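# Secondary and tertiary structure notes
Residue-level listing of the chains:
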Amino acid sequence: TSPLVSFPRTRESMTGQEGSVDAVLILEKDTNGDVLTTWTYPGVDGDLEKVLTQRSNLALETIPVQFTYSKYKSHWLYTFTAVNPGLSAEEGARPSALNKRVVAISICLVKNVFNPEKYAALLKLQADVYIASADPIRILKSTLSVFTRGGYDAGELGKFVDGDYDPRRAFLVTPLKDLIKMMGEEVVLIWMAMIMKKRVALYTDRLGLLLKVVRALPLLVWHRQNWNVLRPYTTLSDLEEADLKSAGIYCAGFTDPTVRSRDDLYDIFVDINARSVTVADHAKDNFTLAPFHNDLATFLQTSAEDAEMGDQAIIKALALKTKDFIGKLETLRGDDEAGLTIETLQQRRLPANMIRFLYAVASAEGMAK
């Protein structure tokens, strides 16, 4: 049987060589509190190294054992952080070959594709290998083995098989149903932001939840198949702010609550903890709800509450509604090959708020003049 949702290759689709080696780094925090890059293959520029260090959370006083991922410029960044078990006083702590001055490590992968589950598995294995050996050459060998042979066998520590991770499945890990149920009727504001290609900032103090929610947003505009707009975990460092401003359009996740006051960085602010959406003052003209939006919100909520409607069925139904909406927008353009104009929409005697919304969508879809 064919899947309910398909994966067309569009101009905005995720692309890249799934097996390519971009870069792998080892970061270490020592007992003085210093965080250093102790090994890298090949070399990376200083800005990228700084961003990886900031996102590793090694600077925290209490270091969580965790996997994180995000994006910086054109790079997907994957990081697994672990503490040195050799410093544990607990009976039965696993052996560690790391120097006693090493408090914690992060193994970082720089890639050009979105596949968090795949790289979480690989990085966890590599972290175990490094803790057991303290040998960066084994990290290099494991990375090259995955690239050239499609896998790596670390014996008692485990095995990684590249073919176990279909990159297309990475798009569907977070159910759209969960996002709709979480945000309720305000999910339509997120849909509007996505369809108009606006800037979305999301906040929660729980990093795992943040990563889960952010990756679901492109499902609202399935026809674009674009996960490149995501910045799942972002800090407010100068480098990352500059990257956001350079990108122009993004869905950026933050664990820093001060981002709420930075409405220069977003058009809508999604507070995941409060399950609320706030539209920035400068963007309110584009987010005035019309009966169309209310009907769509009702459809999404009804679909999410339907126990017999699976997640892929919701994605497909929303994609069809979106396709129908864009098709009607095309008819409003008529025979004007140059593109849709504000004047053309005004001639249709549409409400002013719908004119602004329709023109913004037309611009986002490349149909406006």
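This text goes with the structure placed above it.
This structure is a prediction, so every number in the text was calculated from the model and none was measured. (Residues numbered from 1 in each chain as written. Predicted model: local features only at pLDDT ≥ 70, side-chain atom pairs only at ≥ 80, totals over all residues. Heavy atoms only, no water.)

## What about the pattern of salt bridges?
Under the definition given, this model contains 16 salt bridges. Two residues, Lys 118 and Asp 162, come together in a salt bridge whose shortest N-O distance is 2.6 Å. Here Asp 162 lies in the loop between β7 (159-161) and α4 (176-183) and Lys 118 lies in helix α2 (residues 116-133), a separation of 44 residues in the sequence. An identical accessibility class is assigned to Lys 118 and Asp 162; each is buried. For Arg 224, the salt bridge identified is with Glu 365, shortest N-O distance 2.7 Å. Pair noted here: Arg 224 is in the loop between α6 (207-214) and β9 (230-231) and Glu 365 is in the segment after α11 (352-364), with a separation of 141 residues, a long-range link. (Salt bridge = Lys/Arg side-chain N within 4 Å of Asp/Glu carboxyl O. Helix = DSSP H or I, 4+ residues; strand = E, 2+ residues; numbered from the N terminus. Buried < 20%, exposed > 50% of the residue type's maximum accessible area, 1.4 Å probe, protein only.)

## Brief notes about helix α5 (residues 187-195)
Counted residue by residue, α5 has nine buried out of nine residues, so it is predominantly covered. Turning to α5, its buried residues number three or more, namely Val 187, Val 188, Leu 189, Ile 190, Trp 191, Met 192, Ala 193, Met 194 and Ile 195. Backbone geometry just downstream of α5 places Lys 197 in the positive-phi region, at approximately 60 degrees.

## Brief notes about empty space enclosed by the protein
Under the defined criterion, the tally for this structure stands at two cavities of 30 Å³ or more. In this structure, the second largest cavity occupies an estimated 40 Å³ of space. Looking at the second largest cavity, the residues that line it are Leu 52, Arg 55, Thr 68, Tyr 69, Ser 70, Leu 77, Thr 79 and Tyr 233. Where the lining of the second largest cavity is concerned, the elements lending two or more residues are α1 (46-56), β3 (66-72) and β4 (75-83). The greatest single-element share of the lining of the second largest cavity, amounting to three residues, is contributed by β3. For the lining of the second largest cavity, the per-class residue count stands at four nonpolar, three polar and one charged. (1 Å grid on protein atoms, 1.4 Å probe; cavity = no way out; pocket = protein on both sides within 12 Å on 5 of 7 lines; lining within 4 Å. Points joined across faces, edges and corners; volume = space filled by probe spheres on them. Nonpolar A, V, L, I, M, F, W, Y, C, P; charged D, E, K, R; others polar.)

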